[in-house]
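Structural characterization, general
Listed here are the chains, written in short residue letters.
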Amino acid sequence: MRVSDWIARYLKQIGVDRVFLLSGGGMMHLIDAVAKADLPYVCCHHEQACAMAAEGYARATDRLGVAYGTSGPGATNLLTGIVGAWQDSSPTLFITGQSKRSQTIRLAATKGLRQFGTFEVDIVPIVESVTKFAHFLDDPADVRRVVEEAVHLATTGRPGPVLIDVPLDVQGALVDPEALVGYRLVPDGEGAAAPDIGQVVDRLERAERPVLLVGHGVRCGGAVPQLRAAAERLRIPVVTTQLAKDALPHDHPLFVGHCGPKGDRPGNFAVQAADLILSLGSSLHAQTVGYEADLFAPGAYRIQVDLDRAVLDRGDVPVDLRVEAEAGQFLEALAGARGEPLATGAWQEQCARWKDDYAVAREPHDLTTTELNFYEFADALSDALNGDEVIVTDAGSAFYVLGQALRCKGDQRYIVSGALGSMGYALPAALGAAAGRPDITVVCVTGDGSLQTNIQELQTLRHYGFNVKLFVISNDGYASIRNTQKGFFSGQYIGASRDSGVSLPDLEAVAASYALPYLPVRDRETLTPTLREALERSGPLIVEVHAQPEQVVIPTVASRKLANGGLRSNPLHVMHPLLPDEVLKRELGPYLDLEAFNETQAE
Ligand SMILES: Cc1ncc(C[n+]2csc(CCOP(=O)(O)OP(=O)(O)O)c2C)c(N)n1
Ligand SMILES: [Mg+2]
């Protein structure tokens, strides 16, 4: 059989039930083998979309996501999707076609050649810094070892993308499957050492106000059930990052909120008032701890549990105890060491009060316009969903508003380009999720601007008839960019609005030309009935939500420009719109020395 046949057969054997591709001569054997192996495939209209779809598939199914791209531009077009999978830890395999070996700059005797073969680019060095493994397959006899190693690396430890570049003559080369040598995992001694849990338990038992800060690593490690069990057993309030929002349903009594500059007040109050932060699977990125690491959780002993040594060693956020462990392994050890609930009843009640009193929906969102405020949509959508959907969101206001205000329930999955915030991620990722989970409804929320960057995928949606409900928030272009330019440059717009270079087509006409059903929401009266109708109908559908062009994201931690051009931000508990001093004092005075923050604040 050909090398290409071996690859397709292997993918089928390991449970990959769908691959994403955009064809090309440089990958002709590779995709011919996909057809021959009866490996189901989805053809996107841009390789970036193939990569994002593979990632959406991986995240929605917890299986390996696979995308094929051709040589040259096919390979480079995959890049943004690969980076997203790298930063958000999604197990993905990318297989690219390449010119035949004798015509590759990689194997050429002359160094410094820009190109040798036809439509050739040497993709391996380009992706090396954003993959766990990138290999130029120059020996057909190596196929089994290389593919098995790639899949092993993509799916174990901190998951992530891998890429195999296969020259045309290797794709078509014949191999004897029986004679191929497999990948032999070199055992690392006794296996991973059990985490030293003693100190963690000791700190937990002494804490009066502990917070479990949950990051996406818990989901990546397949440890969500253990997390829920541990939180319930210990009765410890849980704050999550926005990326990890689906780790616990919003109405779970222990769920408090999200921390971060665009988190919510309950989540931020809880981490700022905590005397112990047990961070699990979070990199403690600025989007979680704020832009001023020295102002984060000032009175807390901080424990960070992560399996990525580089994340633990980053060092910008002060951490008192670092534990290198997988989330599941850590939670198991914790279960063995501490079975009793912690005595934190009063603290739990305080957190629950914050959760009710400072819910995002209660913020002073502008409801005076005919067009909807995005927060009204987020609230109504949260109510209208059943609890078993996959929700995929895009960059722009969708990223922030749904990150704050979507209330997850049941077993919903929340998928977003968390680290990279790529415009145009949502539609292809939703296609991937729908391809992998035909049993459920995929809800995709994008902006009118973000949709444009992968709009060609409407045809993929039409072609395959996936059960994706696409909600497009129409707010006349790039509301988020206008907000930035209002805040920092006195409203001088560039590349943000109709008058500054960005205009958008009529979405109803777009929907008609892709033959997709279309429903508009023009005012608040029609919002809930239209949501219901959209969710009841089967198959793909576009709902255009006419929303405020001047959407404000609140609450938010403000930053101010310094004389030297730098920025200084407020601490996490000081969110705009500012609460009256006496209210902040009432809520946090018992736990925090509020005076100590005074000179750091931005108005
Ligand atoms: C690939 C990419 N390019 C540029 C940006 C910067 N960016 C962030 S949000 C945004 C505008 C998004 O517009 P839209 O989707 O309509 O959302 P809105 O802000 O209007 O809600 C831009 C240009 C980005 N995140 N990704
Ligand atoms: Mg917009």
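Preceding block: the structure.
For clarity, every value in this text was computed on a predicted model and none was experimentally measured. (Residues numbered from 1 in each chain as written. Chains lettered and ligands numbered in written order. Predicted model: local features only at pLDDT ≥ 70, side-chain atom pairs only at ≥ 80, totals over all residues. Heavy atoms only, no water.)

A count of helical and extended segments in the chain gives 25 helices and 20 strands. For 603 residues, the compact-globule formula gives about 25 Å, and the C-alpha radius of gyration of the chain, at 25 Å, lands near that figure. Within the span of the chain, comprising 603 residues, buried residues form 57% of the whole. Put simply, 75% of the contacts in the chain that link residues at least 6 apart link residues at least 24 apart. Of note, the chain has its 53 positive side-chain charges centred 1 Å away from the centre of its 75 negative side-chain charges. (Helix = DSSP H or I, 4+ residues; strand = E, 2+ residues; numbered from the N terminus. Rg over C-alpha atoms; globule rule 2.2 N^0.38 Å. Buried < 20%, exposed > 50% of the residue type's maximum accessible area, 1.4 Å probe, protein only. Contact = heavy atoms within 4.5 Å. Lys, Arg positive; Asp, Glu negative; His and termini not counted. Charge placed at Lys NZ, Arg CZ, Asp CG, Glu CD.)

What follows is about the site of ligand 1. Near ligand 1 lie 15 residues; those nearest to it are Ser397, Asp448, Ser450, Gly477 and Ser480. Within the contact set of ligand 1, a nitrogen atom lies 3.2 Å away from a backbone nitrogen or oxygen of Met423. Within the backbone of Ala479, one N or O atom sits 2.8 Å away from an oxygen atom of ligand 1. Burial of ligand 1 by the protein chains amounts to 73% of its free accessible area of 580 Å². The residue makeup of the shell around ligand 1, split by class, is five nonpolar, nine polar and one charged. (Near = heavy atom within 4 Å. Polar contact = N/O pair within 3.5 Å; in protein donor to acceptor, adjacent residues only side chain to side chain. Areas by Shrake-Rupley, 256 points an atom, 1.4 Å probe, with all protein chains shown as cover. Nonpolar A, V, L, I, M, F, W, Y, C, P; charged D, E, K, R; others polar.)

The next thing to look at is the sheet that holds strand β15 (residues 442–447). Within the open sheet, the six strands sit side by side as β14-β13-β15-β16-β18-β17. Their pairing is parallel. Lying at the two open borders of the sheet, with one neighbouring strand each, are β14 (413–416) and β17 (518–521). Neighbour-to-neighbour, the strand axes of the sheet open up by a mean angle of 20 degrees, direction not taken into account. For strand β13 (residues 390–393) and β14, the ladder comprises four bridges, and the chain directions are parallel. From the neighbouring strand, Val390 faces β14, where its bridge partner is Arg413. Taken strand by strand, helix α19 (residues 426–436) contacts β13, β15 and β16 (468–474), and its axis lies near 175 degrees from that of β15. (Pairing = 2+ DSSP bridges. Axes fitted to C-alpha atoms, helices over the stretch in contact; angles between N-to-C directions.)

This paragraph deals with the pairing of strand β11 (residues 301–306). β11 sits mainly inside the fold: six of its six residues count as buried. Burial of β11 is two-sided: the residues Tyr301, Ile303 and Val305 facing one way and the residues Arg302, Gln304 and Asp306 facing the other way are all buried. Direction of pairing for strand β10 (residues 276–280) relative to β11: parallel, over a ladder of five bridges. When the sheet's bridge partners are listed, Ser279 is paired in β11 with Gln304. Bridge count for β11 against strand β12 (residues 321–324) is four bridges, and the pairing is parallel. Within β12, the position partnered with Gln304 by the bridge is Arg322.

Position of Thr118 among the secondary structure elements: in the loop between β4 (92–98) and α6 (123–127). Distance from Thr118 to Val390, taken between C-alpha atoms, is 41 Å for residues 272 residues apart in sequence. Once residues within four sequence positions are removed from consideration, Thr118 is found in contact with Ser71 and Ser99.

The six strands lie next to each other as β9-β8-β7-β10-β11-β12, forming an open sheet whose pairing is parallel. Lying at the two open borders of the sheet, with one neighbouring strand each, are β9 (255–258) and β12. Strand-to-strand twist in this sheet, taken as the mean axis angle between neighbours without regard to direction, amounts to 20 degrees. Sitting on the sheet, helix α15 (residues 327–337) is in contact with β10, β11 and β12, with an inclination near 135 degrees to β10.

This brings us to the pattern of salt bridges. All told, the structure shown has 32 salt bridges when counted by the stated rule. The salt bridge partner of Asp202 is Arg206, with a shortest N-O separation of 3.0 Å. Of the two residues, Asp202 and Arg206 are both situated in helix α9 (residues 198–206); the distance of four residues between them amounts to about one turn of the helix. Close ionic contact of Asp383 with Arg407 constitutes a salt bridge, the shortest N to O distance being 3.2 Å. With Asp383 in helix α17 (residues 374–384) and Arg407 in the loop between α18 (397–405) and β14, the pair connects residues that are 24 residues apart, well separated along the chain. What makes Arg407 partly exposed here is its relative accessible area of 25%. Among the ionic contacts, a cluster of salt bridges with common partners joins Arg2, Asp5, Asp32 and Lys36. (Salt bridge = Lys/Arg side-chain N within 4 Å of Asp/Glu carboxyl O.)

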